[in-house]
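Overview (structure and organization)
One letter stands for each residue in the lines below.
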Amino acid sequence: MTASLGLLAAVLAAASLLVGAAGLGVPDPVILWEVRAPRTVLAVLVGGGLGLAGAVMQGLLRNRLADPGLLGVTGGASLGAVLAYYWGLAAAVPLALPLGGLAGALAAAALVFALAARAGTGAALILAGIAVAAIATAAVAMALSVAPNPFALAEITVWLLGSLEDRSWRDAALAAPVVVAGASLLLPLGARLDALALGEATAESLGVPIAATMRIAALGAALAVGGGTAAAGGIGFVGLIVPNLVRFGVGERPGALLLPSTLAGAALVLAADIAVRLVPLQQELRLGVLTALLGAPLLLHLALRHARLE
Amino acid sequence: MSRCGRRIPWRAVLPRRPRRASRAGWRWAALALLLVARAADAKPARVVSLNLCADQFVVALADRPRIAALSPLAADPSLSAVAAEAAQIRRVRPVAEEVLPLQPDLAIVGPWGAARVAALLERRGVVVLRLGLAEDFDAILGQLRAVAAALGEAERGEALAVSIARELAALPPSPAPRRVLVWQARGFVPGRGTLPDAVLRAAGLVNAAPFAGYGFVPLERLLADPPDLLVTAPAAGPPSLSEALLEHPALARAAIPRARIDPAWLACGGPQTMRAAAALAR
């Protein structure tokens, strides 16, 4: 499963280099290396980060609806990036953009995990998370409405739905270390998540430090989502759909989902980013539109099949 | 709505209606001018301009004490060629509650936005001059004369029109016709029949835009078929993704020759448009 998802992501990454406004096929080297390559790398980083963060959050919170977008982490990252970008901080200090995204994601993640510790029930967590997400989304819209640049409000779709249009190596270089740091925190959590699947008391008796694991997971998810969102805006559904899709292939064990979800997340965002370039519009469709359109029906199909099997 | 009409916050300033509508607006301007002509022996003393393009004519032609107010964008240096002057003059939004207390005796409006307040002012006996779109130098000179007549400054207007026409005629012929693309935020491009197109022609250049009216040229397509000169008008203001595109590193790697001009030169057809043509001809 992992190998085939890796192959799928690699094939899609190659296809991503051959698709664009300049036409299908191998383009001029400048277009290939300066436009399509950074875009492809960013799609892998953003998608991988979202898929992995989704898998970890679902394992840790023992809730299949836990998703960085649904619970406000992506919205928080968008807000942090928007505040850092439109008021000139990112122009003065380039690192301020991913750090702004990280700070917003971290605040939202801390809130969600604190709510998880208190909520008791999965439904209460999801409700609280949706409230956090709604506040973050409204705050992004508010910030862009009062931003000093006249184009800011039109760019609301980028921050709420995500786009990789015309990103450069600068964007990829800023996002990469943040996302990779997040992934290096999250990927080793597999064994702890497996133990947590048995319940917190059992996990604790197996020697899993619950509070420390929560903190590492929150920081890792904030890094993995925040870095990518600062470069591409908030792409929804990836963190929700991907782990649920991967479960059909690799089973329920949370620890086994992490690497396949990373690869599948990258593949889904790559596929969406190829699709937005194939739709002939004057302005590209936003990625969130495609991730939902591609991912949700697949999830629905598998969920219905799953229900029949049971 | 035209295809370029989506989510472009330049709505208030960029001329982009189809030409037919522009001609119709132009007839209205001429009609208004007739109405104005009779009242013109007494010069209007409280002039209100409710449109950025009109602001630039009014500032060029009217003495400061006679200008009661300009439009809000007049003082924005990234859009207005008269920002420094306008900073010293009162500015109002084109809404009745802000305009009426000024008790204007002449209001100059553009093709958008102020239709309701203009009708209201007319009902109250205020002379209203409606300016259409200036998409070439003939239209600019025509509007210049119309505004000058309404202001009772026909001589000043004629002198300015003659000097602009003389400068235009004196532009050096281009040694070789170069394909030039005017690339604005988000890859928004003025094609044939637009004001920037007229500026390029006046400068002896060829517009590389593959369409008439306004449209988009994406980064990849620009790189796949680069123009001989890429003209952008960077605003010095706060950042946006739309404008960040204009400095994408791939443009430097492709070594496309660049010219950066003052964004206020192309926002409106006016006395300052000549400066854009002169700068591009060099």
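All of the points below concern the structure found in this document. Small disclaimer: the values here were computed from a predicted structure and weren't measured. (Residues numbered from 1 in each chain as written. Chains lettered and ligands numbered in written order. Predicted model: local features only at pLDDT ≥ 70, side-chain atom pairs only at ≥ 80, totals over all residues.)

**Topic: the pairing of strand β5 (residues 179-182) of chain B**
All names here are of chain B.
- By the bridge criterion, 2 bridges tie β5 to strand β7 (residues 206-207) in an arrangement that is parallel. Following the sheet pairing, R179 is matched in β7 by V206.
- Note: β5 against strand β9 (residues 229-232), 3 bridges, orientation parallel. Bridge assignment links V182 to a residue of β9, and that residue is V231. (Pairing = 2+ DSSP bridges. Helix = DSSP H or I, 4+ residues; strand = E, 2+ residues; numbered from the N terminus.)

**Brief notes about the interface of chain B and chain A**
- The partner chain A presents 29 residues to the 25 residues of chain B that form the contact.
- Within the residue set of the side of chain B that touches chain A, elements represented by two or more residues are β8 (214-216), α9 (219-224), α10 (241-244) and α11 (249-253) of chain B.
- The element best represented in the side of chain B that touches chain A is α9 of chain B, accounting for 5 residues.
- Of the residues in the side of chain B that touches chain A, the class split is 14 nonpolar, 5 polar and 6 charged. (Contact = placed C-beta atoms within 7 Å. Nonpolar A, V, L, I, M, F, W, Y, C, P; charged D, E, K, R; others polar.)

**Side note on the packing of helix α5 (residues 96-119) of chain A against helix α8 (residues 169-186) of chain A**
Residue and element names in this part refer to chain A.
- Where α5 meets α8, the closest approach of the two axes is 9 Å, and the angle between their N-to-C directions is 35°. In this structure, α5 meets α8 at a crossing whose hand is right-handed. Here L97, P98 and L102 of α5 come into contact with α8, specifically with L174, A175 and V178.
- A breakdown of the residues in the contact of α5 with α8 according to their chemical character gives 6 nonpolar, no polar and no charged. (Axes fitted to C-alpha atoms, helices over the stretch in contact; angles between N-to-C directions. Left-handed = near helix turned anticlockwise from the far one by under 90°.)

**Considering the sheet that holds strand β10 (residues 258-260) of chain B**
- The strand order across the open sheet built from 4 strands is β7-β5-β9-β10 (chain B), with neighbouring strands paired in parallel fashion. Of all the strands in the sheet, just β7 and β10 of chain B have a single pairing partner and so form its edges.

**Re the environment of A224 of chain A**
Residue and element names in this part refer to chain A.
- As for its position among the elements, A224 is in helix α11 (residues 210-232).
- Separated by 146 residues in sequence, A224 and S78 place their C-alpha atoms 13 Å apart.
- Those residues in contact with A224 that sit more than four places away from it in its chain are G49, L52, A53, V179, G182, A183 and L186.

**Observations concerning the pairing of strand β3 (residues 106-109) of chain B**
Residue and element names in this part refer to chain B.
- Side-chain alternation along β3 places L106 and I108 on one buried face and A107 and V109 on a second face that is also buried.
- Direction of pairing for strand β1 (residues 47-49) relative to β3: parallel, over a ladder of 3 bridges. Its bridge partner being in β3, S49 is matched across the sheet by I108.
- Two elements, β3 and strand β4 (residues 127-130), share 4 bridges in a ladder whose sense is parallel. The residue of β4 that forms the bridge with L106 is V127.
- Following the backbone out of β3, through helix α5 (residues 115-123) and into the adjacent parallel β4, one traces a crossover that is right-handed. (Buried ≥ 20, exposed ≤ 12 C-beta atoms within 10 Å, placed from the backbone. Right-handed = clockwise from strand over helix to strand, strands pointing away.)

**Notes on helix α2 (residues 29-60) of chain A**
Residues and elements named next belong to chain A.
- Across its 32 residues, α2 extends 44 Å between first and last C-alpha, which sits within 8% of the 46 Å expected from 1.5 Å per residue.
- Largest kink in α2: about 35°, centred on R36, with the proline P38 one to four residues after it.
- The buried count for α2 comes to 28 of 32 residues, which makes it a mostly enclosed element.
- Among the residues trailing α2, R62 stands out with phi positive, at a value near 50°. (Expected span 1.5 Å × (residues − 1). Bend = angle between axes of the 7 residues up to and from the residue.)

**A look at the sheet that holds β1 of chain B**
Residues and elements named next belong to chain B.
- Spatially, β2-β1-β3-β4 is the arrangement adopted by the 4 strands of the open sheet, whose pairing is parallel. Of all the strands in the sheet, just β2 (67-69) and β4 have a single pairing partner and so form its edges. Averaged over neighbouring strand pairs, the angle between their axes works out to 25° when direction is ignored.
- Packed onto the sheet, α5 meets β3 and β4 and runs at close to 145° relative to β4.

Spatial relationships are all this shows, so hold off on functional conclusions.
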